[in-house]
Amino acid sequence: MPNINADTQARRILAVDIGGNHIKILADGIEERKAKSGPKTSAKDAVAAIQALAHDVDYDVLSIGYPGPVKDNRPSLEPVNLGPGWKDFDFDRAFGKPVKIVNDALMQAIGSYDGGRLLFLGLGTGLGAAMVIENVAQPLELAHLPYKKHGSFEDYVGRRGLDGRGHKKWKASVFDVVSRLQAALLPDYLVIGGGQVDELDELPPGCRRGDNRLAFVGANRLWTDKALII
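In this report, we go over the structure that sits alongside the text.

Rules used throughout
- Residues numbered from 1 in each chain as written.
- Predicted model: local features only at pLDDT ≥ 70, side-chain atom pairs only at ≥ 80, totals over all residues.
- Heavy atoms only, no water.
- Helix = DSSP H or I, 4+ residues; strand = E, 2+ residues; numbered from the N terminus.
- Buried < 20%, exposed > 50% of the residue type's maximum accessible area, 1.4 Å probe, protein only.
- Phe/Tyr/Trp six-rings, centres within 6.5 Å; stacked < 30°, edge-to-face > 60°.
- Lys NZ or Arg CZ within 6 Å of the ring centre and 35° of its normal.
- Pairing = 2+ DSSP bridges.
- Axes fitted to C-alpha atoms, helices over the stretch in contact; angles between N-to-C directions.

Thoughts on unusual backbone geometry
And then number 1: The phi dihedral of Glu-134 is positive, around 50°, even though this residue is not glycine.
And then number 2: Relative to the helices and strands, Glu-134 resides in the loop between β9 (127-133) and β10 (136-140).
And then number 3: On the basis of relative accessible area, Glu-134 is assigned to the exposed category, the value being 54%.
And then number 4: Of note, the phi angle at Leu-186 is positive, near 55°, even though the residue is not glycine.

Dropping the structure here:
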């Protein structure tokens, strides 16, 4: 397990990854813990779940990966795959501790970043996307852009695409979407993560396999990496 609190001195970080199926936490000295989430999970529900998961964990600050756009350190839109009550929710007040919240794909991108131009794609309940370009972190909202037959990227390469169209067609769509985004965004390298990356027995050219635990590395960097611009 990575020591996500390396070089933080007395600051103890609780890392939180909020997804459409699970809410996960990790802190130095504990293994990953998770609780179920879903289409009825509100922001208040998530706070209660996080507090229950971390009931015996000492932490000073939180890093939260949120499955949607973030502005001014708060969700700026309601999530597609969760319940209501997220927009403008004040997590600092709810926890009584400092919180840094970013798009969940961006947190994984920050954890995966090795310099240059990185494009991160998260194959999960939907499609997460983010770039880090010369230490400047930029979330992307690509999931709901039109793709084929009145469907979106998410419809074809997210969980619905895998379950509804079958593995072979889903994989072909992943390779096609990756190729299009590489041509449009010109990354030096592309990391594919998310819960469905394990469904790929091979990766498209120019890609490497991510790991959801890199979200927790990104959670640490939000507080410790002085070169990072968000």
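Still to come is the rest of the account.
A few points about the packing of aromatic side chains
And then number 1: This structure, assessed with the given rule, holds five aromatic pairs.
And then number 2: Here Tyr-147 and Tyr-156 contribute two aromatic rings whose centre-to-centre distance is 5.0 Å and whose plane-to-plane angle is 85°, an arrangement assigned as edge-to-face.
And then number 3: Connected via pairs of aromatic rings, a cluster forms that spans Tyr-66, Trp-86, Phe-89 and Phe-91.
And then number 4: Geometry around Tyr-59 places Lys-97 over its ring, the cationic atom sitting 5.1 Å from the centre.
And then number 5: Between Lys-100 and the ring centre of Trp-223, over which it is positioned, the NZ or CZ distance is 4.4 Å.

Topic: helix α3 (residues 104-112)
And then number 1: Across the nine residues of α3, nine count as buried, placing the element largely inside the fold.
And then number 2: Turning to α3, its buried residues number three or more, namely Asp-104, Ala-105, Leu-106, Met-107, Gln-108, Ala-109, Ile-110, Gly-111 and Ser-112.

Description of the sheet that holds strand β12 (residues 207-209)
And then number 1: Reading across the sheet, the five strands line up as β10-β9-β8-β11-β12 and stay open at both edges, with mixed pairing between neighbours. Every interior strand has two partners, whereas the edge strands, β10 and β12, have only one. Across the sheet, the mean angle from the axis of one strand to that of its neighbour is 20°, orientation sign disregarded.
And then number 2: Pairing of β9 with β10, which is carried by five bridges, proceeds in the antiparallel orientation.

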